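# Chain and residue survey
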Amino acid sequence: MADLISAARMVRTAAEVAWRRARRGPQRAGWSFVIELGCRYMKDDFQRNRHQDLIALRQHVDRLAFPSLPPHRVVPRRTHLGDRPAWVYEPAGAPPEQHLLYLHGGGYVYGSIHSHGAFVSRLASMTGLRTWFPEYRLAPEHAFPAALDDCVAAYEALLAQGVDPANLVVAGESAGGGLVLGVLQTLRDTGRPLPRAGVLVSPWVDHTLSSASIDENGPDDFADRDLAARWSAAYLQGADPRNPLVSAVFADLHDLPPLFLQSGEAEMLRDENRAFAQRARDAGVDLTHDEWDAMFHVWQFGAPLLPEANRAMVRLA
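Now for a description of the structure that goes with this document.

What counts and what doesn't
Residues numbered from 1 in each chain as written. Predicted model: local features only at pLDDT ≥ 70, side-chain atom pairs only at ≥ 80, totals over all residues. Heavy atoms only, no water. Helix = DSSP H or I, 4+ residues; strand = E, 2+ residues; numbered from the N terminus. Core = buried A, V, L, I, M, F, W, Y, C linked by side-chain atoms within 4.5 Å. Buried < 20%, exposed > 50% of the residue type's maximum accessible area, 1.4 Å probe, protein only. Contact = heavy atoms within 4.5 Å. Salt bridge = Lys/Arg side-chain N within 4 Å of Asp/Glu carboxyl O. Arc of directions from axis to C-beta. Polar contact = N/O pair within 3.5 Å; in protein donor to acceptor, adjacent residues only side chain to side chain. Pairing = 2+ DSSP bridges. Axes fitted to C-alpha atoms, helices over the stretch in contact; angles between N-to-C directions. Phe/Tyr/Trp six-rings, centres within 6.5 Å; stacked < 30°, edge-to-face > 60°. Lys NZ or Arg CZ within 6 Å of the ring centre and 35° of its normal. Expected span 1.5 Å × (residues − 1). Parallel < 35°, antiparallel > 145°, perpendicular 65-115°, else oblique. Left-handed = near helix turned anticlockwise from the far one by under 90°. Nonpolar A, V, L, I, M, F, W, Y, C, P; charged D, E, K, R; others polar. Right-handed = clockwise from strand over helix to strand, strands pointing away.

So, about unusual backbone geometry. Of the consecutive residues Phe144 and Pro145, the connecting peptide bond is found in the cis state with omega at 10°. A cis geometry characterises the amide bond from Ala303 onward to Pro304, with omega recorded as 5°. Its place among the elements puts Pro304 in the loop between strand 8 (287-292) and helix 10 (307-316).

Counting residues in hydrophobic clusters, the biggest one holds 96 residues, and the most contacted among them are Leu101, Leu179, Trp231, Tyr235 and Phe276. With 8 residues, the single largest contributor to this core is helix 5 (residues 146-160). Once residues within four sequence positions are removed from consideration, Phe276 is found in contact with Leu181, Leu200, Val205, Ala248, Val249, Leu253, Leu259, Leu261 and Leu287.

Looking now at the pattern of salt bridges. Inspection of the entire model under this criterion finds 21 salt bridges. In this structure, Glu156 and Arg192 form a salt bridge, with 1.8 Å as the shortest nitrogen-oxygen distance. One end of the pair, Glu156, is in helix 5; the other, Arg192, is in the loop between helix 6 (175-189) and strand 6 (197-201), with 36 residues separating them in the sequence. Judged by relative accessible area, which is 32%, Glu156 ranks as partly exposed. In this structure Arg192 comes out as partly exposed when scored by relative accessible area, which is 28%. Across the pair Arg274 and Glu291 runs a salt bridge, and its minimum N-O distance is 2.9 Å. Of the two residues, Arg274 is situated in helix 9 (residues 270-282) and Glu291 in strand 8; the sequence distance between them amounts to 17 residues.

This part takes up helix 3 (residues 54-64). Taken together, the buried positions of helix 3 are Leu54, Leu57, Arg58, His60, Val61 and Leu64. End-on, the buried residues of helix 3 take up no more than an arc of 165°, which puts them together on one face. Its side-chain oxygen 2.9 Å from the backbone nitrogen of Ile55, Asp53 forms the N-cap of helix 3.

In this section: the sheet that holds strand 7 (residues 259-264). Overall, mixed pairing links the 8 strands, which are arranged 1-2-4-3-5-6-7-8 in an open sheet. The two strands at the open ends of the sheet, each matched to only one other strand, are strand 1 (77-81) and strand 8. Neighbouring strand axes in the sheet, compared pairwise and without regard to direction, differ in orientation by 25° on average. Along the sheet, helix 4 (residues 113-127) makes contact with strand 2 (84-89), strand 3 (99-103), strand 4 (130-134) and strand 5 (168-173), crossing strand 2 at roughly 35°.

This part is about the packing of aromatic side chains. Under the criterion given, the structure shown has 11 aromatic pairs. Centroid distance Phe119 to Phe301: 4.2 Å. Interplanar angle 10°. Geometry classified as stacked. Of this pair, Phe119 sits in helix 4 while Phe301 is found in the loop between strand 8 and helix 10, placing the two residues 182 residues apart along the sequence. Since its relative accessible area comes to 30%, Phe301 is described here as partly exposed. An aromatic cluster is defined as three or more aromatic residues linked by ring pairs; in this entry it consists of Phe46, Tyr110, Phe222 and Trp231. Taking the ring centre of Phe250 as reference, the NZ or CZ of Arg242 above it sits at 4.0 Å.

With 15 residues, helix 6 should reach 21 Å at 1.5 Å per residue; the first-to-last C-alpha distance of 21 Å fits that figure. When you tally the buried positions in helix 6, you get 14 out of 15 residues, the bulk of the element. Positioned one or two residues after helix 6, Gly191 has a phi angle of 75°, which is positive.

Packing of helix 5 against helix 6 brings their axes to within 9 Å, and their N-to-C directions diverge by 65°. By the angle between their axes, helix 5 is roughly perpendicular relative to helix 6. Crossing of helix 5 over helix 6 shows right-handed handedness. On the side of helix 5, the interface is formed by Ala147, Leu148, Cys151, Val152 and Tyr155, while helix 6 contributes Leu179, Gly182, Val183, Thr186 and Leu187. A per-class count over the contact of helix 5 with helix 6 returns 8 nonpolar, 2 polar and no charged.

Where strand 7 meets strand 8, 6 bridges bridge the pair, whose relative direction is parallel. Counted as the bridge partner of Gln262 is Asp290 from strand 8. One crossover worth recording links strand 7 to the parallel strand 8 by way of helix 9, and it is right-handed.

Let us now look at the environment of Tyr102. Within the fold, Tyr102 resides in strand 3. Accessibility expressed as a relative area gives 1% for Tyr102, which makes it buried. The spatial distance from the C-alpha of Tyr102 to the C-alpha of Ala154 is 10 Å, given a sequence separation of 52 residues. When residues no more than four places from it in sequence are discounted, the contact partners of Tyr102 are Phe119, Val120, Leu123, Thr131, Trp132, Phe133, Pro134, Ala171, Gly172 and Glu173. There is a polar contact of 2.6 Å between the side chain of Tyr102 and the side chain of Glu173.

Next up, the structure:
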């Protein structure tokens with residue numbers, strides 16, 4: 001029944017987008033019909049469910065997930081990293097010594113193998129790397145720094161298994177990108193070995209929500225200021241939003257490993273991603289910022305239907 005309801009909403013949204021484009025053109029310059037449809041569908045869904053209890057929202061997002069399709073379907077198996085449940089994707093021919101640790105996003109309040117499994121399966125298939133997916137504790141049940149502690153523990157668990165940090169990349173999107181940067185700072189500041197590189201997909205790096213793009217791009221992204229503020233408050237629960245382990249745009253970024261940052265010009269987090277990239281370069285970090293014109297937050301999840309998502313995934317891989 002949920003699939004039928006989602007399909008009916010998609011058809012209705014497609015008709016509304018087609019009608020509006022016929023009368024007034026694209027909502028944003030450079031948007032194809034497919035881009036606008038994908039963003040509008042997600043925005044309508046979040047608006048419809050914006051007042052839900054966060055645990056109910058988490059369950060709803062899990063039900064929205066689409067399966068991974070051949071040729072990029074890698075079936076994960078259950079495992080543990082530290083004290084937390086985790087999953088591991090092992091593509092055929094994956095080199096035994098090379099690993100990817102993936103930290104999922106979801107505003108620190110949602111995200112699981114159900115919501116992220118297809119995306120991570122595609123990433124594992126395209127990179128050919130053994131890919132680890134820990135399920136860290138979520139807010140509001142678990143406030144900062146629970147998620148960060150779990151992600152650091154997952155990294156240490158891989159090293160305890162014999163993984164060489166020189167052959168390990170840590171990646172994440174949105175809140176997961178923020179967690180990547182929290183992990184890197186924690187490892188550096190405690191004298192533990194750093195991974196080979198970090199990969200950041202539209203990372204959430206400023207919980208003060210002070211960037212102009214929050215409001216400027218809000219109409220063209222699927223979330224908005226109020227949703228971001230609600231998710232942030234659920235995670236921080238009184239912690240300082242300028243804490244560098246939460247908001248890496250305020251961090252001392254010296255001596256971090258090479259970083260690859262991919263973000264969209266049309267997303268709410270555009271300005272904070274640009275500011276972070278500049279601060280990282282000023283601190284001597286080898287950072288590549290791959291910003292895509294007219295793309296909304298984590299458009300990469302639109303693969304394989306969205307051509308821009310497919311091309312972005314190739315760059316990530």
